[in-house]
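Listed below are the residues making up each chain.
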Amino acid sequence: MKNTNIKHVFFDLDHTLWDFDKNSELAFATIFKENNFEIEIAQFIEKYAPINQACWKLYQYDEITHEELRYKRLKDSFDALHYEISDEVIDRIADDYITFLPDNNHLFDGAIEILEYLRSHYQLHIITNGFASVQYKKIANSNIDAYFKTITNSEMAGVKKPNPIIFQHALDLAQAQKGNSIMIGDCLEADVQGALNFGIDALFFNPNKESTPEGIIEISHLLEIKNYL
């Protein structure tokens, strides 16, 4: 059933429009090649992906800092592979990763098509917990910046999703209201439950078809948004 009250659509960026996993793997491939690391990328990513996710959750709730996140996710991944590496090299990789990450800009299947569809009916916005400077580069380099009226990041809001303050900041910036807004994101806790608890509708982008609590509206492909908007 389509929601006819919606005027503003808020998207998460990473893992929702921007294919973080694919782009991240390509960035690490470049770094590993330049440093001649004797590690298979697939082996590294297998360890890194869940560690990175766990670190982001700590960062989301201010349990670690930006700098601790950048260091810990790499250090823990190399430790899990029993690969000895100095803190100096880890710091260099952390810097290189942030530099190379926005150079690869694969979007999820259907991203451009759904943005084209939505732009004529709604005002589009982004709410992201990602590092501001990197997120702006991702958006610009993937040629989706023209679709969005506003971009709210956690640095400008002073808090991260699911904190209600960032959602209110985004609404204020967009000149939107709770009743005419919807959030679309891949993180059940930060994007979906955060939005619902704040009082706006939400769609859970769930391409991996994870188990979903009752009452949550989910889609597994971006073009399924057309069924609701």
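Refer to the structure printed above.
Rules used in this analysis
- Residues numbered from 1 in each chain as written.
- Predicted model: local features only at pLDDT ≥ 70, side-chain atom pairs only at ≥ 80, totals over all residues.
- Heavy atoms only, no water.
- Axes fitted to C-alpha atoms, helices over the stretch in contact; angles between N-to-C directions.
- Helix = DSSP H or I, 4+ residues; strand = E, 2+ residues; numbered from the N terminus.
- Parallel < 35°, antiparallel > 145°, perpendicular 65-115°, else oblique.
- Left-handed = near helix turned anticlockwise from the far one by under 90°.
- Contact = heavy atoms within 4.5 Å.
- Nonpolar A, V, L, I, M, F, W, Y, C, P; charged D, E, K, R; others polar.
- Buried < 20%, exposed > 50% of the residue type's maximum accessible area, 1.4 Å probe, protein only.
- Pairing = 2+ DSSP bridges.
- Right-handed = clockwise from strand over helix to strand, strands pointing away.
- Phe/Tyr/Trp six-rings, centres within 6.5 Å; stacked < 30°, edge-to-face > 60°.
- Lys NZ or Arg CZ within 6 Å of the ring centre and 35° of its normal.

J.: Help me out: how do you make sense of the packing of helix 1 (residues 20-35) against helix 2 (residues 41-60) in this one?
T.: When two helices pack together, their arrangement is captured by the angle between the axes and the distance separating the axes. Where helix 1 contacts helix 2, the axes come no closer than 11 Å and their chain directions differ by 130°. Classified by the interaxial angle, the pair formed by helix 1 and helix 2 is oblique. For helix 1 against helix 2, the interelement crossing comes out right-handed. Here Phe-20, Ser-24, Glu-25, Phe-28, Ala-29 and Phe-32 of helix 1 lie close against helix 2, whose contacting residues are Ile-41, Phe-44, Ile-45, Tyr-48 and Asn-52. Of the residues that constitute the contact of helix 1 with helix 2, the class distribution is eight nonpolar, two polar and one charged.

J.: When you look at the pairing of strand 3 (residues 150-153) in this model, what are you seeing that I'm missing?
T.: In the case of a regular strand, side chains alternate between the two sheet surfaces. Burial of the side chains of strand 3 extends over both faces: Thr-150 and Thr-152 are buried on one face and Ile-151 and Asn-153 on the other. Note that strand 2 (residues 123-128) and strand 3 share four bridges and pair parallel. By the bridge assignment for strand 3, Ile-127 is matched with Thr-152. This β-α-β element, strand 2 to helix 6 (residues 132-141) to strand 3, shows right-handed connectivity.

J.: Honestly, the packing of aromatic side chains in this entry has me stumped. Any pointers?
T.: The relative placement of two aromatic rings is captured by the distance of their centres and the angle of their planes. Scanning all chains against the criterion turns up 20 aromatic pairs. Summarising the aromatic geometry, the rings of Phe-44 and Phe-78 are spaced 5.2 Å apart at their centres and angled 45° between planes, so their arrangement reads as tilted. Of this pair, Phe-44 sits in helix 2 while Phe-78 is found in helix 3 (residues 66-80), placing the two residues 34 residues apart along the sequence. Given the relative accessible area of 0%, Phe-78 is considered buried. Among the aromatic residues, ring-to-ring pairing joins Phe-28, Phe-32, Phe-37, Phe-44, Tyr-48, Phe-78, Tyr-83 and Tyr-97 into one connected group. Of note, Lys-178 hangs over the ring of Phe-198, and the distance from its end group to the ring centre comes to 4.3 Å.

J.: Got a minute to help me understand the pairing of strand 4 (residues 181-185) in this structure?
T.: Most of strand 4 is tucked away, with five of its five residues classed as buried. Of the pairings in the sheet, the one linking strand 1 (residues 8-11) to strand 4 comprises four bridges and is parallel in character. Note that in strand 4 the partner of Phe-10 across the bridge is Met-183. Pairing of strand 4 with strand 5 (residues 201-205), which is carried by four bridges, proceeds in the parallel orientation. By the bridge assignment for strand 5, Ile-182 is matched with Asp-201. In the classification by handedness, the crossover that spans strand 4, the intervening helix 9 (residues 188-198) and the parallel strand 5 is right-handed.

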